[in-house]
Amino acid sequence: MSAQDLDGGNDAEADGSGEMPKPHTIRLELADEPGQLLAALEPISDNGGNLLSIFHERGNLTPRGHIPVEVDLECPPDRFERIVDALRDAGVNVIRAGAEHFGEEVMVILVGDTVDSDLSDTLHRIESSADATLQDLSLSAREGTDEASSARLRLAVRSGRVDETLAVVRDLAAEKGLHVVEPLAEGAQ
């Protein structure tokens, strides 16, 4: 009896996709609330992903105060993008989904009344409107929140979409009366 007989045969033949499952890693950001992990795993299962491992970094927090979770799964390559889209449709913040999805990085600084112009809304709208996700945030308000402040954003951007992402950032900044310093070279402080 072969190993293939023991595990139920060839998954690619069983699901009809014609392609063998490949491993993928997805990094998520979840609120620290009951049921969030389960809600994030359902779109993976519902779209044919097979979980390999979950690393729930409960002791660490992202810049927005959420918990990073790394999910290793396997699926035929043609299903991976459907899984990522289903996660986003379910309201799960996908920080990284394989190197091909967020293959570029850009840093920008927003200067002005970043706090009173609702920085949280700005970040949410960038992630909703652009093929980007926030990797890191640094806020400086030396004179307090009543004066001008600056927010340095490090964004992971889908390959080939930097110009579109920067256009979204510029439009939001103009709408909120902020100035944009962009793009910063990698490693800029």
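No experiment lies behind these values; they were computed from the predicted model shown. (Residues numbered from 1 in each chain as written. Predicted model: local features only at pLDDT ≥ 70, side-chain atom pairs only at ≥ 80, totals over all residues. Heavy atoms only, no water.)

**Examining the packing of helix H5 (residues 119-129) against helix H6 (residues 162-176)**
In step 1: Where H5 meets H6, the closest approach of the two axes is 10 Å, and the angle between their N-to-C directions is 150°. Note that H5 runs across H6; the crossing there is right-handed. Residues Asp-121, Thr-122, Arg-125, Ile-126 and Ser-129 of H5 form the contact with H6, whose participating residues are Val-168, Val-169, Leu-172, Glu-175 and Lys-176.
In step 2: When the residues that make up the contact of H5 with H6 are grouped by side-chain class, the tally is 4 nonpolar, 2 polar and 4 charged. (Axes fitted to C-alpha atoms, helices over the stretch in contact; angles between N-to-C directions. Helix = DSSP H or I, 4+ residues; strand = E, 2+ residues; numbered from the N terminus. Left-handed = near helix turned anticlockwise from the far one by under 90°. Contact = heavy atoms within 4.5 Å. Nonpolar A, V, L, I, M, F, W, Y, C, P; charged D, E, K, R; others polar.)

**Comments concerning the side chain of Glu-29**
In step 1: For Glu-29, the location among the structural elements is in strand E1 (residues 22-30).
In step 2: Within the structure, the side chain of Glu-29 is placed 2.6 Å from the side chain of Asn-93, a separation counted as a polar contact.
In step 3: Glu-29 has contacts with Thr-62, Arg-64, His-66, Ile-67, Asn-93 and Ile-95, leaving out every residue within four places of it along the chain. (Polar contact = N/O pair within 3.5 Å; in protein donor to acceptor, adjacent residues only side chain to side chain.)

**Side note on the sheet that holds E1**
In step 1: Taken in spatial order, the 4 strands of this open sheet run E2-E3-E1-E4, and their pairing is antiparallel. Where the open sheet ends on each side, the last strands, each with one partner, are strand E2 (50-56) and strand E4 (93-97). Across this sheet, the average inter-strand angle for adjacent strands is 25°, counted without regard to direction.
In step 2: Pairing geometry for E2 and strand E3 (residues 67-75), over 6 bridges, is antiparallel. Counted as the bridge partner of Asn-50 is Glu-74 from E3.
In step 3: Running at roughly 155° to E2, helix H3 (residues 36-46) makes contact with E1, E2 and E3 of the sheet. (Pairing = 2+ DSSP bridges.)

**Quick look at the environment of Leu-155**
In step 1: Residue placement: Leu-155 occurs in strand E7 (residues 149-157).
In step 2: A relative accessible area of 2% places Leu-155 in the buried class.
In step 3: The spatial distance from the C-alpha of Leu-155 to the C-alpha of Glu-127 is 9.1 Å, given a sequence separation of 28 residues.
In step 4: Excluding residues that lie within four positions of it along the chain, Leu-155 makes contacts with Glu-104, Glu-105, Val-106, Ile-126, Ala-132, Thr-133, Leu-134, Gln-135, Thr-165 and Val-169. (Buried < 20%, exposed > 50% of the residue type's maximum accessible area, 1.4 Å probe, protein only.)

**Considerations on the pattern of salt bridges**
As a working rule, side chains carrying opposite charge can pair if their charged atoms are close by.
In step 1: Throughout the structure, instances matching the rule amount to 7 salt bridges.
In step 2: Glu-70 is the salt-bridge partner of Arg-27, the closest N and O atoms lying 3.4 Å from each other. Remark: Glu-70 occurs in strand E3 and Arg-27 occurs in strand E1; sequence separation between them is 43 residues.
In step 3: A relative accessible area of 18% means that Arg-27 is categorised as buried.
In step 4: When salt bridges with common partners are traced through the structure, they connect Asp-121, Arg-125, Glu-175 and Lys-176 into a single cluster. (Salt bridge = Lys/Arg side-chain N within 4 Å of Asp/Glu carboxyl O.)

**Regarding H5**
Each α-helix winds once per 3.6 residues, and so residues spaced three or four apart point in a common direction.
In step 1: The set of residues buried in H5 consists of Leu-119, Thr-122, Leu-123, Ile-126 and Glu-127. Taken down its axis, H5 places every buried residue within 125° of arc, on the same side. The exposed residues of H5 that point more than 90 degrees off its buried face are Ser-120, His-124, Ser-128 and Ser-129.
In step 2: Tucked inside the fold, the buried residues of H5 contact E4, strand E5 (104-112), strand E6 (132-140), E7 and H6. (Arc of directions from axis to C-beta.)

**Comments concerning the confidence of the model for the chain**
Low pLDDT means the predicted atomic positions in that stretch should not be read closely.
In step 1: In this model, the chain carries a mean pLDDT of 80, and residues with pLDDT of at least 70 account for 83%.
In step 2: Overall, residues 1-14 carries pLDDT values under 50, and its contacts beyond four positions in sequence, including any with other chains, amount to 11 contacts. (pLDDT = per-residue confidence, 0-100.)

**Things to note about unusual backbone geometry**
In step 1: A positive phi angle, close to 70°, is found at Asp-118, a residue other than glycine.
In step 2: Structurally, the position occupied by Asp-118 is in the loop between E5 and H5.
In step 3: The partly exposed category is assigned to Asp-118, whose relative accessible area is 39%.

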